[in-house]
Amino acid sequence: MWYAQNSARRTHQLAGDAGVLLWTALWAAAALTAYRLACLLALPRALQERRAPLPLVGGRFDTALRRVADAVDAMDPVAVRTAVAVGALALFVVPVGLVLMVWLPRRLRWIRQAGAARDLAASDDGRDLLALRSLLRPLDEVAATASEIPDATPGSLAWGWRHGDPEILDALAGAELDRLGLEPPAPREGPPGMAFEPVDLIAPAGPADERTRDTHPLA
């Protein structure tokens, strides 16, 4: 499961994923542009052949870039190219890596928790565990769950879970599923054609019944 079943939570997840992809694309374009510009500076011959000013660059800045290129001309070309590649890679890895360090663990943790909760909700005995997980939430979240149940308190939720109150268990399990953006499972129904009607069983006549019939006088 990659996205929540709740529409609001799913929209939030899609927006977050799209933002991370856009952030990655922007920094990839920036690193590529910086790499090409740095390669142009590292190759003064190519820059000297280009007599026209560089695009999107003023006259003074263009002159400064050409002076830097002339200074780089005295350096080792292999070392210059290596430094340019490392710098461009760092320009991409650092900002993208910082975002992934925050976004990716949270995203993977939700996927793992939502998959486990969905499997528990579909099982016969998973409701109790989901209810217990809801009780282990911070006290303010437990109080918020209790406020949605008439005449319920956080203490009564714990009492209801301990004594197996079906209403309390359903409410707690539903709160845990709602926190993850999942819908409660549909109620199960037995397969059609399995209804049975009561049948009166007639016991066979025993020896006592035969003796009773024998004691009647003959007509």
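Residues numbered from 1 in each chain as written. Predicted model: local features only at pLDDT ≥ 70, side-chain atom pairs only at ≥ 80, totals over all residues. Heavy atoms only, no water.

## Concerning unusual backbone geometry
Backbone geometry places D151, a non-glycine residue, at a positive phi of 60 degrees. Topologically, D151 is positioned in the loop between α6 (139-147) and α7 (154-162). (Helix = DSSP H or I, 4+ residues; strand = E, 2+ residues; numbered from the N terminus.)

## Quick look at a nonpolar patch on the surface
Taken together, the side chains of V94, L98, M101 and V102 define a hydrophobic patch exposed on the protein surface, amounting to about 420 Å² of accessible area. Relative to the elements of secondary structure, V94 occurs in helix α4 (residues 77-122). A relative accessible area of 49% places V94 in the partly exposed class. (Patch = residues over 30% accessible without salt bridge, like charges linked within 9 Å, V, L, I, M, F, W, Y side chains within 5 Å. Areas by Shrake-Rupley, 256 points an atom, 1.4 Å probe, with all protein chains shown as cover. Salt bridge = Lys/Arg side-chain N within 4 Å of Asp/Glu carboxyl O. Buried < 20%, exposed > 50% of the residue type's maximum accessible area, 1.4 Å probe, protein only.)

## Description of the pattern of salt bridges
Using the criterion set out here, one finds 4 salt bridges in the structure. When the shortest N-O distance is used, the salt bridge between R107 and D17 registers 3.2 Å. Note that R107 is positioned in helix α4 and D17 in helix α1 (residues 7-42), a separation of 90 residues in sequence. Here R107 and D17 have matching classes, each one buried. Look at the salt bridges and you will find they share partners, linking R137, E176 and R179 into a network.

## Re the side chain of Q13
Mapped onto the secondary structure, Q13 falls in helix α1. Since its relative accessible area comes to 7%, Q13 is described here as buried. Ignoring sequence-local partners within four residues, the contact set of Q13 consists of W2, Y3, A4, R107 and W110. (Contact = heavy atoms within 4.5 Å.)

## Details of the side chain of T145
Locating T145 in the fold gives a position in helix α6. Looking at T145, the relative accessible area reads 11%, which means it is buried. Contact partners of T145, with chain neighbours within four places excluded, come to S134, L157, A171, L172 and A175.

## Some words on the environment of R9
By the element assignment, R9 lies in helix α1. Residue classification places R9 among the partly exposed positions, given a relative accessible area of 27%. Taking the C-alpha atoms as reference points, R9 and D178, separated by 169 residues in sequence, lie 9.7 Å from one another.

## Looking at the confidence of the model for the chain
Confidence along the chain averages 76 in pLDDT terms, with 66% of residues attaining 70 or more. A low-confidence stretch, residues 190-203 stays under pLDDT 50, and its non-local contacts, those more than four residues away or across chains, total 0 contacts. In this model, residues 215-219 is a region of pLDDT below 50 whose contacts with residues beyond four sequence positions or in other chains number 0 contacts. (pLDDT = per-residue confidence, 0-100.)

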